[in-house]
Amino acid sequence: KDIEFIESYYFNKLEDTRFSSSVGKYVGFTERGVKIAAAWNNNPSKLSAMKAQKEAYCLNHVQIKHDNAL
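We now turn to the structure provided with this report. As the structure is a computational prediction, the values presented were derived from the model and not from experiment. (Residues numbered from 1 in each chain as written. Predicted model: local features only at pLDDT ≥ 70, side-chain atom pairs only at ≥ 80, totals over all residues. Heavy atoms only, no water.)

Digging into the overall build of the chain
Consideration 1: A tally of helices and strands in the chain yields 2 helices and 3 strands.
Consideration 2: Start at the N end of the chain and walk to the C end: the helices and strands fall as β-β-β-α-α.
Consideration 3: Every one of the 70 residues in the chain was classed for burial, and the buried ones make up 19%.
Consideration 4: Sequence-distant contacts in the chain: of pairs separated by 6 or more residues, those separated by 24 or more amount to 22%.
Consideration 5: Here the chain displays about 5,300 Å² of accessible surface, and carbon together with sulfur accounts for 54% of that area. (Helix = DSSP H or I, 4+ residues; strand = E, 2+ residues; numbered from the N terminus. Buried < 20%, exposed > 50% of the residue type's maximum accessible area, 1.4 Å probe, protein only. Contact = heavy atoms within 4.5 Å. Areas by Shrake-Rupley, 256 points an atom, 1.4 Å probe, with all protein chains shown as cover.)

Rendered as C-alpha cells:
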C-alpha cells in the first residue's frame, strides 16, 4: 500500500509529464506535457502497462532494497 511507482519525463530540465501509480494516469505540468498526457491517457494499453509496472518492478524489488538498506 505504501509503494508508489512514478515515471517522469523531462524536456529542457523541466518535468513535462509524469505517471504516478497512486493517481493511475499521466499528468502534464507544461502546455506540451498536458497534451502528451491527454494522448497517453486515451491509450488504454499504455495505461494498463504503466499500472502493471508497480507490481512488475516495485513489488518484486522492495524486499531486496529493504534488506540492502538494513
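With respect to the pattern of salt bridges
Consideration 1: Enumeration over the complete set of coordinates arrives at 3 salt bridges.
Consideration 2: Notably, a salt bridge pairs R18 with E15, separated by 2.8 Å at the nearest N-O pair.
Consideration 3: Note that D16 is salt-bridged to R32, the shortest N-O span being 2.3 Å. Linking D16 in strand β2 (residues 14–20) with R32 in helix α1 (residues 31–41), this pair joins segments that are 16 residues apart in sequence.
Consideration 4: Overall, D16 belongs to the buried group, its relative accessible area being 5%. (Salt bridge = Lys/Arg side-chain N within 4 Å of Asp/Glu carboxyl O.)

Comments concerning the sheet that holds strand β1 (residues 6–11)
Consideration 1: Read from one edge of the open sheet, 3 strands run β1-β2-β3, paired in antiparallel fashion. The outermost strands of the open sheet, each flanked by one partner alone, are β1 and β3 (25–28). Strand-to-strand twist across the sheet, computed as the mean angle between neighbouring axes with direction ignored, equals 20°.
Consideration 2: By the bridge criterion, 4 bridges tie β2 to β3 in an arrangement that is antiparallel. Within the sheet, the bridge partner assigned to R18 lies in β3 and is V27. (Pairing = 2+ DSSP bridges. Axes fitted to C-alpha atoms, helices over the stretch in contact; angles between N-to-C directions.)

Details of the packing of aromatic side chains
Consideration 1: Under the criterion given, the structure shown has 3 aromatic pairs.
Consideration 2: Sitting over the ring of F11, R32 keeps its end group 4.5 Å from the ring centre.
Consideration 3: For the cation-ring pair, K46 lies above W40, with the distance from its terminal atom to the ring centre recorded as 4.6 Å. (Phe/Tyr/Trp six-rings, centres within 6.5 Å; stacked < 30°, edge-to-face > 60°. Lys NZ or Arg CZ within 6 Å of the ring centre and 35° of its normal.)

Description of the pairing of β2
Consideration 1: Counted residue by residue, β2 has 5 buried out of 7 residues, so it is predominantly covered.
Consideration 2: By the bridge criterion, 6 bridges tie β1 to β2 in an arrangement that is antiparallel. Each bridged residue has a counterpart across the sheet, and for Y9 the counterpart in β2 is T17.
Consideration 3: Connecting β1 to the antiparallel partner β2 that follows it, the hairpin turn spans 2 residues, and N12 within it adopts a positive phi of roughly 55°.
Consideration 4: Taking the residues that link successive antiparallel strands as the turn, the β2-β3 hairpin has 4 residues, and the phi of G24 there is positive, at about 85°.

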